[in-house]
Amino acid sequence: MGQFLLIANWKMYKSLSQAQAFCRDFILLSRGIKKTKVVICPPFTALSTVNASLQNTGIKLGAQDLFWMEKGAYTGEISPVQLVDTGCSYVIVGHSERRQIIGETDKIINNKLKAAQKSGLIPVLCVGETLEERQNNKAEEIVRGQLLSALEGVSVTESNVVIAYEPIWAIGTGINASYQDALEMAGLIRQTLGKISNNKIAERIPLLYGGSVKTENFAAFLQGGLDGALVGGASLEADSFFNIVRLCENA
Ligand code: 13P
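Calculation rules
Residues numbered from 1 in each chain as written. Predicted model: local features only at pLDDT ≥ 70, side-chain atom pairs only at ≥ 80, totals over all residues. Heavy atoms only, no water. Near = heavy atom within 4 Å. Polar contact = N/O pair within 3.5 Å; in protein donor to acceptor, adjacent residues only side chain to side chain. Areas by Shrake-Rupley, 256 points an atom, 1.4 Å probe, with all protein chains shown as cover. Nonpolar A, V, L, I, M, F, W, Y, C, P; charged D, E, K, R; others polar. Helix = DSSP H or I, 4+ residues; strand = E, 2+ residues; numbered from the N terminus. Expected span 1.5 Å × (residues − 1). Buried < 20%, exposed > 50% of the residue type's maximum accessible area, 1.4 Å probe, protein only. Arc of directions from axis to C-beta. Contact = heavy atoms within 4.5 Å. Axes fitted to C-alpha atoms, helices over the stretch in contact; angles between N-to-C directions. Parallel < 35°, antiparallel > 145°, perpendicular 65-115°, else oblique. Left-handed = near helix turned anticlockwise from the far one by under 90°.

A. View of the site of the ligand. Taken together, 13 residues sit near the ligand, with Lys11, His95, Gly172, Ser212 and Gly233 positioned nearest. Asn9 has a polar side-chain atom sitting 3.0 Å from an oxygen atom of the ligand. Between Ser212 and the ligand, the recorded distance is 2.7 Å, taken from a backbone N or O atom to an oxygen atom. Alone, the ligand offers 300 Å² of accessible surface; in the complex the protein occludes 94% of this. Considering only residue class, the shell around the ligand consists of four nonpolar, seven polar and two charged.

Next comes the structure, spelled out in structure tokens:
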């Protein structure tokens, strides 16, 4: 498994029984997949349950967030060590909903990313511009800045980070970026990563697109330059998520 990477971000959805039902259905559908590595990121409350369901399937578990300390008096927070203990191998860092709604800063995101790597989790770093920034021709500057600050002091390799380009105006709106827009940003992201590490590594770091991905629009994104997708709404039903897996398998 592994030519494509598809990550399901369930956000704040699903009860335990709904999470179990998804896993049961999705595991049946996805038996025998070869080209696609799948990661499921349930809410914290369902991590254990989903972890149990995914045993021996090859499907990986991820969390949607983490705290940057390993343990201590941090009421309500979840540490990277606890996520590893619960079976996670990936964690989403810097999602725009956390940046915008919770107020996460670049510095917090940098701390979280380092803490994830230190515990052996692969951070899925989300970057992306608002509609206003895009309209003012600031998209590249914003994304470059987000990358540089999140990765400050980090030694990146092809296996210790995943980058997801998620333009904020495309998230949950039904308006996806065009393949061309995503490809242009992928070029900028790889160029920036190349400066932090080197071009050979930058070429191999998995780069995902996220924002209103669904079966109807995702085939266009599989023409090269991107390694998969971070999927929100369309990852909530086993059928619709599997249809995206199938597109990758057939690409
Ligand atoms: P949607 O696929 O629902 O637009 O969400 C994208 C996203 O935010 C994934 O992290």
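B. A look at helix 1 (residues 16–29). Helix length check: helix 1, at 14 residues, gives a terminal C-alpha distance of 20 Å against a target of 20 Å (1.5 Å per residue), a fit within 8%. Of all the positions in helix 1, only Ala19, Phe22, Cys23, Phe26 and Ile27 are classed as buried. Along the axis of helix 1, the buried residues cluster in a sector spanning 120°; they form a single face. Within helix 1, the exposed residues directed more than 90 degrees away from the buried face are Arg24 and Leu28. On its buried face, helix 1 is in contact with strand 2 (36–41), helix 2 (47–54) and helix 11 (238–250).

C. Structural context of the packing of helix 1 against helix 2. Where helix 1 contacts helix 2, the axes come no closer than 9 Å and their chain directions differ by 20°. Classified by the angle between their axes, helix 1 and helix 2 sit roughly parallel to one another. Here the hand of the crossing between helix 1 and helix 2 comes out right-handed. On helix 2, the residues that touch Leu16, Ala19, Gln20, Cys23 and Ile27 of helix 1 are Thr49, Val50, Ser53 and Leu54.

D. Main features of the side chain of Asn110. Within the fold, Asn110 resides in helix 5 (residues 106–118). Among the residues examined, Asn110 registers a relative accessible area of 3% and is labelled buried. Excluding residues within four positions of it along the chain, Asn110 makes contact with Ser149, Ala150, Leu151, Glu152 and Val154.

E. Summary view of unusual backbone geometry. With a phi angle near 65°, Asn56 is a residue other than glycine that sits in the positive phi range. The residue Asn56 is located in the loop between helix 2 and strand 3 (60–63) in this model. Its relative accessible area of 82% is what places Asn56 among the exposed residues. The residue Asn137 is not glycine, and still its phi comes out positive at about 55°. Position of Asn137 among the secondary structure elements: in the loop between helix 6 (131–135) and helix 7 (139–150). Since its relative accessible area comes to 72%, Asn137 is described here as exposed.

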